[in-house]
Amino acid sequence: MGEEIRKERIGIELESREFTATKSIDRHIQPAQINPMLLDPKHDAKITETLENGVKVYCKGKPINECSKPERLEALLYTLRDPEFFGLKYVFEEMSKAKTVQNVFLSKEGDCDDMSRFYTVLAQRLGINDLEQLYVSFKEKNGKSEYNHAALLAHEGRVYYIDPAASKFIALPEEINSIPAALKSKKLYSILLGIREDLTKRKGSYFIEEIQSISGTANADFMYFFECGIDNTWKKNWSAAIEDFSKAFDRWLDTRALHSQMAQANFYVDNFEKAAEFYERAIKKKPTHSDYTDLGHAYFEMKNYGRAVSAFRGAYKLEQANYETLYELAVSLNAVALSNYSKGNNVQSLLELNEVDFLLKQFFKFAQKDAEQLNNANQLLESVGNLKQRLKNTQND
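Residues numbered from 1 in each chain as written. Predicted model: local features only at pLDDT ≥ 70, side-chain atom pairs only at ≥ 80, totals over all residues. Heavy atoms only, no water.

Draft legend 1. Looking closely at the overall build of the protein chain. Secondary structure summary: the protein chain contains 17 helices and eight strands in total. Expressed as a percentage of the 397 residues in the protein chain, the buried residues total 54%. Here the analysis covers contacts within the protein chain between residues at least 6 apart in sequence; of these, 65% occur between residues at least 24 apart. Summing over all exposed atoms, the protein chain offers an accessible surface of approximately 18,200 Å²; the carbon and sulfur share of this is 47%. (Helix = DSSP H or I, 4+ residues; strand = E, 2+ residues; numbered from the N terminus. Buried < 20%, exposed > 50% of the residue type's maximum accessible area, 1.4 Å probe, protein only. Contact = heavy atoms within 4.5 Å. Areas by Shrake-Rupley, 256 points an atom, 1.4 Å probe, with all protein chains shown as cover.)

Draft legend 2. Broad picture of the nonpolar core. Among the nonpolar cores identified, the biggest contains 60 residues, and Phe-226, Phe-245, Leu-253, Leu-258, Leu-295 and Leu-360 are the most heavily contacted of them. Counting residues per element, this core draws most heavily on helix H15 (residues 323-342), at nine residues. Leu-77, Phe-86, Val-136 and Ile-162 belong to the second largest nonpolar core, which has 57 residues in total. (Core = buried A, V, L, I, M, F, W, Y, C linked by side-chain atoms within 4.5 Å.)

Draft legend 3. Expanded view of helix H13 (residues 289-301). For H13, built from 13 residues, the straight-helix expectation of 18 Å at 1.5 Å per residue is met to within 8% by its first-to-last C-alpha distance of 19 Å. Taking burial as the measure, the 13 residues of H13 include 12 buried ones, the bulk of the element. Taken as a whole, H13 has its buried residues at His-289, Ser-290, Asp-291, Thr-293, Asp-294, Leu-295, Gly-296, His-297, Ala-298, Tyr-299, Phe-300 and Glu-301. Phi for Lys-303, located one or two positions after H13, is positive at around 60°. (Expected span 1.5 Å × (residues − 1).)

Draft legend 4. Examining the packing of helix H10 (residues 238-250) against helix H11 (residues 256-267) more closely. Orientation of H10 relative to H11, taken along the N-to-C sense of each, is 150°, at an axis distance of 9 Å. When the axes of H10 and H11 are compared, the pair comes out roughly antiparallel. The hand of the H10/H11 crossing is left-handed. The residues of H11 that touch H10, namely those facing Trp-238, Ala-241, Ile-242, Phe-245, Ser-246, Ala-248 and Phe-249, are Leu-258, His-259, Gln-261, Met-262, Gln-264, Ala-265 and Asn-266. Among the residues making up the contact of H10 with H11, the classes are represented as nine nonpolar, five polar and no charged. (Axes fitted to C-alpha atoms, helices over the stretch in contact; angles between N-to-C directions. Parallel < 35°, antiparallel > 145°, perpendicular 65-115°, else oblique. Left-handed = near helix turned anticlockwise from the far one by under 90°. Nonpolar A, V, L, I, M, F, W, Y, C, P; charged D, E, K, R; others polar.)

Draft legend 5. Summary view of the confidence of the model for the protein chain. Averaged over every residue, the pLDDT of the protein chain is 88; residues scoring 70 or more account for 90%. Low pLDDT, under 50, characterises residues 1-32; the stretch is placed with 112 contacts to residues that sit more than four places away or in other chains. (pLDDT = per-residue confidence, 0-100.)

Draft legend 6. Summary view of the side chain of Asn-322. Residue position: Asn-322 is located in the loop between helix H14 (305-318) and H15. Among the polar contacts listed, one links the side chain of Asn-322 to the backbone nitrogen of Glu-324, at a separation of 3.1 Å. In this structure the side chain of Asn-322 is engaged in a polar contact, spanning 3.0 Å, whose partner is the backbone nitrogen of Thr-325. (Polar contact = N/O pair within 3.5 Å; in protein donor to acceptor, adjacent residues only side chain to side chain.)

Draft legend 7. Quick look at the pattern of salt bridges. Under the defined criterion, the tally for this structure stands at 23 salt bridges. Its salt-bridge partner being Arg-251, residue Asp-221 comes within 2.6 Å of it at the nearest N-O pair. With a gap of 30 residues between them, Asp-221 in the loop between strand E8 (206-215) and helix H9 (222-234) and Arg-251 in the loop between H10 and H11 connect regions that are remote in the sequence. With respect to class, Asp-221 is no different from Arg-251; both count as buried. The closest approach of N and O atoms between Lys-235 and Asp-231, which form a salt bridge, is 3.1 Å. (Salt bridge = Lys/Arg side-chain N within 4 Å of Asp/Glu carboxyl O.)

Written out as structure tokens, the structure reads:
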């Protein structure tokens, strides 16, 4: 029964997840050895010259040390994108690999988090070490697609939104005078929703599912490891994915998406207890049908059928017409009923079997033309009917 309920969810779950992307990664170095924030010192002279010339132009000829922090940050943004200086090009490709800042510098292109990392490294050279890394997860209201975005926030009297991918430098209203306040502000949400549409060229009704800022330059590579983990997930390199996601956790990334991905990777190395732990964390962040469903699978594999039932009930509350959820809940509840029957708890078992019967009849209303699953459901319904009759006969005796 465990193999029957366990699904190969990777294709279903990830085909609708859209992650910002890039084209290459250091191929001759083992991932554990890569420092994604390191620029080769042999380029120092060229980088310093380009940086100083660009900032000077955009600061209208003022020496760098006479520019205010906001002036340096804005000048850096345009220096980064200007073809006469660094000339970085934003690229958006679904499910590509993350880039180190070295690769961004050499290729002159990157996605939103690649460019944010590169911006952070250059900002350090301007004496700015307190940028906040911003992570945003958008979701379409119909649930069909997701989009993740990375940018930066700075605080200097007021909060500034800095987006290297979109070439946006925006001073938020003065009353938004702290990073925590910015993360809750309608103004920032409005900016982000507009940028999502501009960058993806996709219209649609989206909302912000998660938003988090991470302090400190030392943690600026969190999205690099998150995306490496996603890449390893696609390749089904589960142990490598767990290692990458662990590094993202180490850098204080704490989102539903990361907990969910870590759970999935643990599930596929048969560490069901750890998988359940991370799915529970993901659900605490934001309950989703897929996380409840996968939590149910994890508990079912552990033969903890009671908790599997609770998880599938959570999924059922969110999508009552989902025929797979109806079937999985029925299978799990049937396992609980059989356990109670074996212990002589006939009254409780009969109550549970009645619910299984109801769930299966609901399943047939919504089920698609999956011959194998329909056959399995019919067999289960027949088995439930036989046991119910046996219990009723026992009551009559």
